[in-house]
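Here's the letter readout for the chains.
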Amino acid sequence: MGQVVATAERVVRAPAERVFPALADYTETRRRVLPEQFSDYRVEAGGQGAGTRVAWRFAATSKRVRDQVVEVAQPDATTLVERDTRSSMVTTWTVHPADAGLTTVRVRTTWTGAGGIGGFFERTFAPKGLRRVYEDLLGRLERELSAG
């Protein structure tokens, strides 16, 4: 067993003071920007940043579907941390101003992978697949912010 890490990063054409609140809005914005791999989305508590508890079904592939219940923390003004209460998965979102009106958004997910040959394939392929999902989500977030 070893740690599996998936990351994605995008420069979003919107100021950080709009990007972070949009990411932290689990009630409206997050629901709208989630790609099709996420289903059965529901907010169980809170809805804005720290203290939020949200659940969804995540389909990495048609055969790899996981029900997740995520608790959100906000350790500082630029970071959201989502911890899946049912696994070792932790996703950290960071938002930093780039140039005027631009923001760098970085997402990093870690979890304890399987051992053996299954773990090898998980460490090899899962990060690439999750990166594609996050790139899609970040593109949707940028479109959402430019429309608003």
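Our subject is the structure listed above.
Residues numbered from 1 in each chain as written. Predicted model: local features only at pLDDT ≥ 70, side-chain atom pairs only at ≥ 80, totals over all residues. Heavy atoms only, no water.

This part takes up the side chain of Gln 68. Note that Gln 68 resides in strand S4 (residues 65–76). Gln 68 gets classed as buried once you look at its relative accessible area, which sits at 5%. Reaching out from Gln 68, the side chain makes a polar contact with the side chain of Trp 56 at a distance of 2.6 Å. Contacts of Gln 68, omitting those with residues within four sequence positions, involve Val 54, Ala 55, Trp 56, Phe 58, Asp 84 and Met 89. (Helix = DSSP H or I, 4+ residues; strand = E, 2+ residues; numbered from the N terminus. Buried < 20%, exposed > 50% of the residue type's maximum accessible area, 1.4 Å probe, protein only. Polar contact = N/O pair within 3.5 Å; in protein donor to acceptor, adjacent residues only side chain to side chain. Contact = heavy atoms within 4.5 Å.)

A few words on the packing of aromatic side chains. In total, this model carries 4 aromatic pairs according to the counting rule given. Where Phe 38 meets Phe 58, the ring centres are 5.0 Å apart and the plane angle is 55 degrees; that geometry is what we call tilted. In this pair, Phe 38 is assigned in strand S2 (residues 38–45) and Phe 58 in strand S3 (residues 53–59), connecting sequence segments 20 residues apart. The burial state of Phe 38 is the same as that of Phe 58; both residues are buried. (Phe/Tyr/Trp six-rings, centres within 6.5 Å; stacked < 30°, edge-to-face > 60°.)

Before going further, it helps to examine empty space enclosed by the protein. Unoccupied space between atoms shows up once a probe the size of one water molecule is rolled over them. Taken as a whole and assessed by the stated rule, the structure comprises 1 cavity of 30 Å³ or more. In this structure, the largest cavity spans a volume of roughly 160 Å³. As for the largest cavity, its lining consists of 16 residues, and the residues nearest its centre are Phe 38, Trp 56, Glu 82, Thr 91 and Tyr 134. Elements with a minimum of two residues in the lining of the largest cavity: S3, S4, strand S5 (79–84), strand S6 (90–97) and helix H3 (116–147). (1 Å grid on protein atoms, 1.4 Å probe; cavity = no way out; pocket = protein on both sides within 12 Å on 5 of 7 lines; lining within 4 Å. Points joined across faces, edges and corners; volume = space filled by probe spheres on them.)

What follows covers the pairing of strand S7 (residues 103–112). For S7, a buried count of 7 out of 10 residues is recorded, marking the element as mostly surrounded by other parts of the structure. Two elements, strand S1 (residues 3–12) and S7, share 10 bridges in a ladder whose sense is antiparallel. Residue pairing across strands places Glu 9 opposite Arg 106, the latter belonging to S7. One ladder, built from 8 bridges, connects S6 with S7; its direction is antiparallel. Across the sheet, residue Val 90 finds its bridge partner in S7, namely Thr 110. Linking two consecutive strands that pair antiparallel, namely S6 and S7, is a turn of 5 residues; a positive phi of about 75 degrees is found at Gly 101 within it. (Pairing = 2+ DSSP bridges.)

Scanning the entire structure with this criterion turns up 12 salt bridges. One salt bridge connects Glu 144 with Arg 32, and the closest N-O pair in it is separated by 2.6 Å. Pair noted here: Glu 144 is in helix H3 and Arg 32 is in helix H2 (residues 29–33), with a separation of 112 residues, a long-range link. A relative accessible area of 23% means that Glu 144 is categorised as partly exposed. (Salt bridge = Lys/Arg side-chain N within 4 Å of Asp/Glu carboxyl O.)

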